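# A look at the structure
Here are the chains, one letter per residue:
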Number of protein chains: 2
Amino acid sequence: MKNALPDRGAGSRHRVVILGAGFAGLRVAKLLKKAPVDVVIVDRQNHHLFQPLLYQVATAGLAAPDIAAPIRRILRGNRNARVVYGEVTGLDPASQTVRMGEDELGYDTLVVATGATHSYFGHDEWAEYAPGLKTLGDAQRIRSHVLRAFESAERLSDPKDQAPWLRFVVVGAGPTGVELAGALAELARKILPRDFRRFDGSKTEVMLIEAGPRVLAPYTEELSASAQRQLEKLGVTVRTGSSVTNIDGNGVTLEGGEEIPARTVLWAAGIRASSVLEDLHAPLDRAGRVMVEPDLTVPGRPNVFVLGDAAHLEQDGSQVPGVAPAAMQMGKHAAKTIASRLRLKQGAQPAARPFRYRDKGSMATIGRASAVADLGKVKLKGWLAWMAWLVIHLMFLVGFRSKIVVLINWVWAYIGYRPAARVLPELADDGLARTETP
Amino acid sequence: MKNALPDRGAGSRHRVVILGAGFAGLRVAKLLKKAPVDVVIVDRQNHHLFQPLLYQVATAGLAAPDIAAPIRRILRGNRNARVVYGEVTGLDPASQTVRMGEDELGYDTLVVATGATHSYFGHDEWAEYAPGLKTLGDAQRIRSHVLRAFESAERLSDPKDQAPWLRFVVVGAGPTGVELAGALAELARKILPRDFRRFDGSKTEVMLIEAGPRVLAPYTEELSASAQRQLEKLGVTVRTGSSVTNIDGNGVTLEGGEEIPARTVLWAAGIRASSVLEDLHAPLDRAGRVMVEPDLTVPGRPNVFVLGDAAHLEQDGSQVPGVAPAAMQMGKHAAKTIASRLRLKQGAQPAARPFRYRDKGSMATIGRASAVADLGKVKLKGWLAWMAWLVIHLMFLVGFRSKIVVLINWVWAYIGYRPAARVLPELADDGLARTETP
């Protein structure tokens, strides 16, 4: 065997294997720094991603490295942690091993924090036409697609031909969809048209399609209504109560048969947990998340934790949301449980301390100086909500350098309406053909 | 025809078509802002690239958008300029047209500033194993390759297996090769090894191979010697007088048969001008550059200019170098010539004012606080040369925002040995296999 995963010598320490270096997994690794364990953290990316700002990479506001930090650097000071860059292909809870291709990695405690990807509700053929936004690669592809759409419109002289290139449809009006639609509206209606000669901002259209009755369904009705008003003020056409029945190269078809011709369709409607969770043989919810015990372990497997977007947990009658603060709190809980179990005498039965999510509020940004924030008793809208959003997101950004660079990019974009990352890495190999009508 | 290039109505103005928005082409477009002409500038990228810093994107020091600015934004204020994003497929000087796929673009004056790409001296099969550095895409691919090499070494336990992954060979010791080797040495020997557990900096090797007798051949012998000493201090193995006879997946073979096993080989040895120049039916030099008249026009075609890396011009017995200042000076000269011809009465014979390159000096950076600068009478080495290099490059960077962001990234990298852009966008599709020994 040419490859070698970290070896376990005789008499080695308790090994904690963490799958995924997102908010939950990374928190576990960091908090186990002083614990008498060997930590192995596995990720298919070399970087931790600050996902709440991913939509800004997709809309050319930030460069990809601005919101990513190398996992190895984050854990450089954790001498008991090893980072493995690679893909998990299977789990075997019976033999306590993780499979990575032909290699195996044994564990004493397993933490599964593999996050979620997009789900097309059985219509995987839509993926080609309506990309979702989960990784830096997704964001860069969406950015290229959007920038190319404007270039294509500029090459056409008939407004009828231009229209599908200048219409941007976002499916799903959760936080990601709302943020994408708002940022796209600013880009499409205010920023880019000034640089083109054959169309102006009034010819571009951003449409947000939602099957449910309102945008930002998890928020109060008042904040939902405010978010919709703020979106419309930016020029977004909001279509609630509209189900999508088809997506192809020509655009979107709605229930009832209405066709919306559009060359850019972005998917923000559904997520699905990683398929590797199926190997745990535990009850899953409809989105493939593990129905975890109150202490975040898998039923019948007290040494296997499932955290973050991979876990389904009900609390006070509602589901703990798939947001970064919940993931980080879960990571902290798991790390504490693991450490306290090791402190117990061997053979003693550890107490299964239940996890409790503390909701410190949620916020969604809509555009420049435009957002909604639900901080429990305090509800904010517009400029104040946006400032709160900005401060909190900067505070949480990993790494000092990123904060300053991101702040400068924002201030600069705010003053000058200049997105910092308006870069198409390469012309398509087929040259002009890429932007032509097929 | 679905696509439409800018149309020419009846009685339209003199049209200047510029191919390439590098330092030369962009300068022509900007300086013709007030001239009574229509300018059309064509590029296969949507951005102008600050090429002197490209090696920093390749070595994870800067993010791609830091050194790129959208062409449309740069020319937003030039109301007489149109930007066409697409690839030129041919020229026809007889009919005064430029071909772009099936479309044609007519011109009255043509400015060809299409730059250069790498040349493998007839060994195009080496391209697969030894990528060159000309575009943002090249830089991002090299960055991914280098970062993956370290990940691959970390997955192996036998130092014999690790060695080829930890050896980085740069072929060609001109300014690009020297800058790449220096930056790679810092990354490979000082920055990254701290984050890995299975090897340290002493196991990594950066080798700079040059067929000629010394590095930085265009510089004085004293500065060449200093550059080599500075490189060696950083840990670079410099091999001058060594010709490469083969490059494949296992590494590099030198004249005499010596084999250097290496998984990363970068090509900085030769460039070749764009093949579209052949359509001009003008004399070309060995690198495919047009032998231009002293006024930068094509012999027998006074309305066709060739500028920058696409042009070969002798001055005082030596060739005008392929550097940014020369390209910008050529652009200025062409713009002035075009504008002054238009001011002449129709029918009058324009004076063919010869171009004169003013050499303000040249500099190459080697690493942190390490460089050489030849400013005519003043020759600088080490820290002072590096400061001069930094100030001059920041001054020339296009766009205020880039300057601040790039400065912060540099200061941050300098203080903390932390490259800002250590990001692998995606794991290869085949997961682990990508980093395995084939």
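Residues numbered from 1 in each chain as written. Chains lettered and ligands numbered in written order. Predicted model: local features only at pLDDT ≥ 70, side-chain atom pairs only at ≥ 80, totals over all residues. Heavy atoms only, no water.

## A word on the overall build of chain A
A tally of regular secondary structure across chain A gives 10 helices and 27 strands. The buried share of chain A, taken over its 438 residues, is 58%. By sequence separation, contacts in chain A at least 24 residues apart represent 64% of the contacts at least 6 residues apart. Total accessible area on chain A is roughly 18000 Å²; 52% of this is exposed by carbon and sulfur atoms. (Helix = DSSP H or I, 4+ residues; strand = E, 2+ residues; numbered from the N terminus. Buried < 20%, exposed > 50% of the residue type's maximum accessible area, 1.4 Å probe, protein only. Contact = heavy atoms within 4.5 Å. Areas by Shrake-Rupley, 256 points an atom, 1.4 Å probe, with all protein chains shown as cover.)

## Section: the pairing of strand β27 (residues 378-381) of chain A
Along any regular strand the residues' side chains alternate between the sheet's two faces. Residues and elements named next belong to chain A. In this structure, strand β26 (residues 370-375) lies alongside β27, joined through 4 bridges in antiparallel fashion. In the sheet register, Leu375 faces β27, and the bridge partner there is Val378. What sits between β26 and β27 in their antiparallel hairpin is a turn of 2 residues, with Gly376 showing a positive phi close to 75°. (Pairing = 2+ DSSP bridges.)

## Notes on unusual backbone geometry
For Ala60(A), which is not glycine, the phi torsion reads 70° and is therefore positive. Within the secondary structure, Ala60(A) is located in the loop between α2 (54-58) and β4 (68-70). Here Ala60(A) falls in the buried class, since its relative accessible area comes to 1%. Phi at Gln96(B) is positive, roughly 55°, even though this residue is not glycine. For Gln96(B), the location among the structural elements is in the loop between β6 (90-92) and β7 (97-100). On the accessibility criterion, Gln96(B) (28% relative accessible area) is partly exposed.

## Remarks on the packing of aromatic side chains
Residue and element names in this part refer to chain A. In this structure the tally under the stated criterion is 16 aromatic pairs over all chains. Seen in terms of ring centroids, Trp126 and Trp267 are 5.8 Å apart; in terms of plane orientation they differ by 65°. Their pairing is edge-to-face. Highlighted residues: Trp126 in the loop between β10 (116-118) and α4 (136-154) and Trp267 in strand β17 (residues 264-267), separated in sequence by 141 residues. The burial state of Trp126 is the same as that of Trp267; both residues are buried. The structure contains a cluster of three or more aromatic residues connected by ring pairs, namely Tyr120, Phe121, Trp126 and Trp267. The ring of Trp165 carries the charged tip of Arg263 above its face, separated from the ring centre by 5.1 Å. (Phe/Tyr/Trp six-rings, centres within 6.5 Å; stacked < 30°, edge-to-face > 60°. Lys NZ or Arg CZ within 6 Å of the ring centre and 35° of its normal.)

## Things to note about the pattern of salt bridges
Residues and elements named next belong to chain A. Applying the stated rule across the entire model yields 24 salt bridges over all chains. Among the ionic pairs, Arg44 bridges to Glu87, the shortest N-O distance being 2.6 Å. One end of the pair, Arg44, is in the loop between β2 (37-43) and β3 (47-49); the other, Glu87, is in the loop between β5 (81-85) and β6 (90-92), and 43 residues separate them in sequence. Here Glu87 falls in the partly exposed class, since its relative accessible area comes to 22%. One salt bridge connects Arg239 with Glu258, and the closest N-O pair in it is separated by 2.6 Å. Placement of the pair is Arg239 in strand β13 (residues 236-239) and Glu258 in the loop between β15 (251-254) and β16 (259-261), with a sequence separation of 19 residues. Exposure remark for Glu258: the relative accessible area of 37% places this residue in the partly exposed category. (Salt bridge = Lys/Arg side-chain N within 4 Å of Asp/Glu carboxyl O.)

## Thoughts on the sheet that holds strand β20 (residues 297-298) of chain A
Across a sheet, strands are paired by hydrogen bonds formed along the backbone, either parallel or antiparallel in direction. Residues and elements named next belong to chain A. Across the sheet, 6 strands lie side by side as β5-β2-β1-β9-β21-β20; this open sheet has mixed pairing. Two strands lie at the open edges of the sheet, namely β5 and β20, each paired on one side alone. Strands β1 (14-19), β2, β9 (109-112), β20 and β21 (301-306) of the sheet are contacted by helix α8 (residues 324-343), whose axis makes an angle of about 155° with β21. (Axes fitted to C-alpha atoms, helices over the stretch in contact; angles between N-to-C directions.)

## A look at the side chain of Asn46(A)
Among the secondary structure elements, Asn46(A) is positioned in the loop between β2 and β3. Side-chain polar atoms of Asn46(A) contact the side chain of His47(A), separated by 2.9 Å. (Polar contact = N/O pair within 3.5 Å; in protein donor to acceptor, adjacent residues only side chain to side chain.)

## Observations regarding the packing of helix α1 (residues 23-31) of chain B against helix α8 (residues 324-343) of chain B
The description of two packed helices rests on the angle between their axes and on the distance between the axes. All names here are of chain B. Where α1 contacts α8, the axes come no closer than 7 Å and their chain directions differ by 35°. Of the two elements, α1 crosses α8, and the hand of that crossing is right-handed. Across the interface between the two elements, Phe23, Ala24, Arg27, Val28 and Leu31 of α1 pack against Ala324, Ala327, Met328, Gly331, Lys332, Ala334, Ala335 and Ile338 of α8. Classifying every residue of the contact of α1 with α8 by side-chain character gives 10 nonpolar, 1 polar and 2 charged. (Left-handed = near helix turned anticlockwise from the far one by under 90°. Nonpolar A, V, L, I, M, F, W, Y, C, P; charged D, E, K, R; others polar.)

## Details of helix α9 (residues 382-396) of chain A
Residue and element names in this part refer to chain A. For α9, built from 15 residues, the straight-helix expectation of 21 Å at 1.5 Å per residue is met to within 8% by its first-to-last C-alpha distance of 21 Å. Three or more residues of α9 are buried, namely Gly382, Ala385, Trp386, Trp389, Leu390, His393 and Leu394. Projected onto a plane normal to the axis of α9, the buried residues spread over an arc of 160° and lie on a single side. (Expected span 1.5 Å × (residues − 1). Arc of directions from axis to C-beta.)

## Brief notes about the nonpolar core
Membership of the largest hydrophobic core comes to 131 residues, with the highest contact counts inside it found for Leu32(A), Val98(A), Val306(A) and Leu307(A). With residues near it in sequence (within four places) discarded, Val306(A) still touches Val112(A), Leu277(A), Leu280(A), Val290(A), Val292(A), Leu296(A), Val298(A) and Ala311(A). Listed in part, the 129 residues of the second largest apolar core include Leu133(B), Leu156(B), Met330(B) and Ala371(B). (Core = buried A, V, L, I, M, F, W, Y, C linked by side-chain atoms within 4.5 Å.)

## Some thoughts on the sheet that holds strand β12 (residues 205-209) of chain B
All names here are of chain B. Read from one edge of the open sheet, 4 strands run β13-β12-β11-β17, paired in parallel fashion. A strand with exactly one partner marks an edge of an open sheet, and here the two such strands are β13 (236-239) and β17 (264-267). The mean angle between the axes of side-by-side strands here comes to 20°, regardless of whether they run parallel or antiparallel. The pairing of strand β11 (residues 167-171) with β17 spans 4 bridges and is classified as parallel. Across the sheet, residue Phe168 finds its bridge partner in β17, namely Thr264. Sitting on the sheet, helix α4 (residues 136-154) is in contact with β11 and β17, with an inclination near 160° to β17. Along the sheet, helix α6 (residues 175-191) makes contact with β11, β12, β13 and β17, crossing β12 at roughly 170°.

## Focus: a positive patch on the surface
A cluster of basic residues, Lys332(A), Lys336(A), Arg353(A), Arg358(A) and Lys360(A), forms a positive patch at the surface. Tracing the backbone shows Lys336(A) in helix α8. (Patch = residues over 30% accessible without salt bridge, like charges linked within 9 Å, V, L, I, M, F, W, Y side chains within 5 Å. Lys, Arg positive; Asp, Glu negative; His and termini not counted. Charge placed at Lys NZ, Arg CZ, Asp CG, Glu CD.)

## Topic: the environment of Lys381(A)
All names here are of chain A. Its location among the elements puts Lys381 in strand β27. Assessed through its relative accessible area of 36%, Lys381 is described here as partly exposed. As for Lys381 and Thr365, which are separated by 16 residues in sequence, their C-alpha atoms are 9.7 Å apart. With residues up to four places along the chain from it excluded, the contact list for Lys381 reads Glu222, Leu223, Ser226, Gln230 and Ala371. Polar side-chain contacts of Lys381 include one of 2.7 Å to the side chain of Glu222.

## A word on the environment of Glu205(B)
Residue and element names in this part refer to chain B. Tracing the chain through its elements places Glu205 in strand β12. Separated by 73 residues in the primary sequence, Glu205 and Glu278 have C-alpha atoms spaced 41 Å apart. A distance of 2.9 Å separates the side chain of Glu205 from the side chain of Arg167, its partner in a polar contact.

## Points about a nonpolar patch on the surface
Residues and elements named next belong to chain A. A cluster of nonpolar side chains, Trp383, Leu384, Met387, Val391, Ile392, Met395 and Phe396, forms an exposed patch at the surface whose accessible area comes to about 670 Å². In this structure, Leu384 sits in helix α9. Judged by relative accessible area, which is 49%, Leu384 ranks as partly exposed.

## What about the side chain of Ser226(B)?
Mapping Ser226(B) onto the fold places it in helix α7 (residues 221-233). Residues contacting Ser226(B), with those up to four places away along its chain left out, are Val372(B) and Lys381(B).

## A short note on the pairing of strand β5 (residues 81-85) of chain B
All names here are of chain B. Of all 5 residues in β5, 4 are buried, a share of seventy percent or more. With 5 bridges connecting them, strand β2 (residues 37-43) and β5 associate as parallel partners. If you follow Asp43 over to β5, its bridge partner there is Tyr85.

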